Amino acid sequence: MTDTALDALAAHAGIFDRYRDLAAVEHVASADTKRALLAAMGLDADHPGETLGHLQAEAAVRSLPAAVVVRAGEPADLRIQGWDVEWRLAPDPRTAERLHGGRSQEGVIALPALAVGLHVLIVQERQTLVVAAPDAAPDLAARGLAAPRWGVTTALYGLRSDENLGIGTYRDLGAAAEALGRQGVDFLGINPVHALGAASGTISPYSPTHRGFLNTSHIAPLDDAEEGADLRARQQIDYAGGRHALDRLLREQHRRMDTVAAEDFRAFRARSGAALQDFATFEALSLVHGADWRAWPETLKHPTASAVLRFAAENEREVEYHAYLQWLADSQLASAQRSARSAGMALGLYVDLAIGVRPDGAEVWGEPNSFARGVSLGTPPDQFNAKGQVWGLAPISPLGLQNDLFRPFVDAMRAVVGHAGLARIDHVLGFMRCFWVPEDGTPGAYVRYPTDLLLALTKVEAFHAGCIIIGEDLGVLPEGLRDRLAESRLYGCSVAQFERDPDGDLTDPSEYRTATLASFSTHDTPTVRGFWQGWEIERQQAFGQLDAEAAAGARQRRDWDRRRLHWLVDGAADEPPQDLDAAHVARLHAALGDGASDLIAVQLDDVFARLEQPNFPGTVDEYPNWRLKCPVAIGDLEEVPALEPVRRSVENRRARDR
């Protein structure tokens, strides 16, 4: 075996030969790294020359690639291998297109002008996904909305009410949206609400079992549980207790479902098709055999296996129950969006698409060829963690995704934008490259992804949902990414803690990029008060993420940041206060509203000047990640004086720009 052959195979598979981290240090992918990543893709790295030859031969016999992008509304000529062949085009069911077909002429298939959608072209029994994409995703102007617009973000799980079981519900979400909408708020943002798994103890919303289905822990039951008051009174969220009580109530609710509900449920199940059946079967199987399908009997490791089909038939009522939960979750999330819009929110819900899924979960089980094995998504050293991160999430394999006609990505995107006016794509850097970290300890490397195609698919789904898309463009940015996002009218992110000029000083919000969502903090960063006090620096040192020297340097920089913020917000050059109150925090957010960004988000924890942040990256048991409840109950959101300065600054700027 020669390194030349290995290098050629790795390059063909999209593995980057080298990369630079946040400190501009260059890292070269070793032969061991390349072998590990190739193996994760299911490629034989021990015989790279033969493997590459096989891949090239496979490509040669295809008439067309697995997917092509055309401009919606315009005819397109596709050059194929084969002088005179028959073809037929199955239209996207969401369009009014008819079935097209014919024969190629002189090696060209002449496609008619196609409506925006995902069409399937069949040539010589091989399928190609034809993505008829609009030029851009919807933006504020396309939605008929003048900029800027502003909103509040919060943790759905932490919403407090007199009705839930200690975990925020979709009904709570609708009530919070109504309360905030009446105060001029344009959107309410939440963490991902992907399914986490019936048998899993996972609580992180960014570690889902499946991104095409919803988290059933947020369902609001019809009846109260006896233990509800106790669960609501606890200082931190008791996920196990809340889920147990909810499951008992919902099983009884399912048992006595009335005729009208049963009819609606059947219609939902028919629309959702095989994907819902597979997911519900997985959930039922997991309660018998454990949360990790990789430890199940071999006969149950694929959704179409005869033993799986037999289990579903023998446990039909249990499988139906898990499908029923998805219907309830979908119905209640849709109702929350209607409540938001009815209360005057211009956009309504702002939701989140996680970057990946757990390797032990339903999505990997259902689409095993679409995911890489033996590696995790992560990052090299960046703003969030100086040592880099390993997230324990299975990367989508670019090669496997092609074979599945990109269905897992489309299904996840479609599920997210369906009940929202805004949607955030977590770690949108993954549209260009993702950092894969082998589980065996071998250093990681970047893998290339089909940027044009992923952007085209995003624009199609955003168009059909009328949803504005925000890409989380933070971290170590690939060259040209932000330009590509801007061309497609995807908004970026301007997080005040990270926005700095060439000298390293915090940037004046008036200098932010226009097409961004500006915020001071995120769920992974210090709150405003936490940042001001250097609260997270003390914990980073205590958790071993910073040594004493690095922590001292961080405190010194933070002292300068505090002075800079004091000057930017209050125009004052005197000694800044040691702590902040809600009024000072409100003035800081009003400065964001006066800035250049088209969208402004205020975290609810910051509105009430909370010190602790929702999640502390790089920790598991050291910090109560995802367990903190909101600082106030939903009833206290009816009138929030701290929001008034933000509303005023946004509306004044909008009036000036008319």
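Remember, it's a predicted structure, so these values are computed and weren't measured experimentally. (Residues numbered from 1 in each chain as written. Predicted model: local features only at pLDDT ≥ 70, side-chain atom pairs only at ≥ 80, totals over all residues. Heavy atoms only, no water.)

A count of helices and strands for the chain gives 20 helices and 23 strands. The C-alpha radius of gyration of the chain comes to 25 Å, within 12% of the 26 Å expected for a compact globule of 658 residues. In terms of its C-alpha atoms, the chain occupies a principal-axis envelope of roughly 75 × 65 × 50 Å. Within the chain, the proportion of its 658 residues that are buried is 59%. Partitioning the contacts of the chain with sequence separation of at least 6, the portion at a separation of at least 24 is 73%. Carbon and sulfur atoms provide 49% of the accessible area of the chain, an area that totals close to 27,300 Å². (Helix = DSSP H or I, 4+ residues; strand = E, 2+ residues; numbered from the N terminus. Rg over C-alpha atoms; globule rule 2.2 N^0.38 Å. Buried < 20%, exposed > 50% of the residue type's maximum accessible area, 1.4 Å probe, protein only. Contact = heavy atoms within 4.5 Å. Areas by Shrake-Rupley, 256 points an atom, 1.4 Å probe, with all protein chains shown as cover.)

Another point: the packing of aromatic side chains. What characterises a pair of aromatic rings is the spacing of the ring centres plus the angle enclosed by the ring planes. Overall, the coordinates contain 20 aromatic pairs when judged by the stated rule. Ring centres 5.8 Å apart and planes at 90° place the aromatic pair F265 and Y324 in the edge-to-face group. Taken as a pair, F265 in helix α7 (residues 259-289) and Y324 in helix α9 (residues 316-342) lie far apart in primary sequence, 59 residues in all. For F265, a relative accessible area of 3% corresponds to the buried category. Each ring, one from F520 and one from F531, has its centre 5.4 Å from the other, and the planes form 80°; the classification is edge-to-face. Of this pair, F520 sits in the loop between β22 (516-519) and α15 (528-533) while F531 sits in helix α15; the two residues are eleven residues apart in sequence, bridging distant segments of the chain. An identical accessibility class is assigned to F520 and F531; each is buried. Members of the aromatic cluster, joined through ring pairs, are F16, Y19, F435 and Y446. Here R433 stacks its cationic end above the ring of Y446, 3.9 Å away from the centre of that ring. (Phe/Tyr/Trp six-rings, centres within 6.5 Å; stacked < 30°, edge-to-face > 60°. Lys NZ or Arg CZ within 6 Å of the ring centre and 35° of its normal.)

Moving on: the sheet that holds strand β8 (residues 117-123). Taken in spatial order, the five strands of this open sheet run β3-β9-β8-β5-β6, and their pairing is mixed. Each edge of the open sheet carries a strand with a single partner, namely β3 (67-71) and β6 (100-103). Each adjacent strand pair in this sheet contributes to an overall mean axis angle of 25°, direction not counted. Both β8 and strand β9 (residues 126-133) contribute to a ladder of seven bridges, which runs antiparallel. Looking across to β9, one finds that V120 is bridged to L129. Along the sheet, helix α13 (residues 451-465) makes contact with β3, β8 and β9, crossing β9 at roughly 60°. (Pairing = 2+ DSSP bridges. Axes fitted to C-alpha atoms, helices over the stretch in contact; angles between N-to-C directions.)

Moving on to the pairing of strand β20 (residues 468-471). Burial along β20 is two-sided: I468 and I470 facing one way and I469 and G471 facing the other are all buried. In the sheet, strand β17 (residues 422-425) pairs with β20 via four bridges, with the strands oriented parallel. Within β20, the position partnered with R424 by the bridge is I470.

What follows covers helix α3 (residues 48-61). Over its 14 residues, α3 runs 20 Å from end to end, which matches the ideal 20 Å to within 8%, given 1.5 Å per residue. Along α3, the residues classified as buried are P48, T51, L52 and L55. Viewed end-on, α3 has its buried residues packed into an arc of 100°, placing them on one side of the element. Residues E50 and V61 are exposed on α3 and point more than 90 degrees away from its buried face. Of the surrounding elements, those touching the buried residues of α3 are α1 (3-12). (Expected span 1.5 Å × (residues − 1). Arc of directions from axis to C-beta.)

Read across the open sheet, the four strands follow the order β16-β15-β18-β19; overall the sheet is antiparallel. The sheet is open, and its two borders are formed by β16 (389-390) and β19 (445-448), each paired with just one other strand. Relative to strand β18 (residues 433-438), strand β15 (residues 375-379) is paired through four bridges, and the arrangement is antiparallel. In the strand pairing of β18, V375 is matched with P438. Each of β15, β18 and β19 touches helix α2 (residues 31-40); the most contacted strand, β18, lies at about 105° to it.

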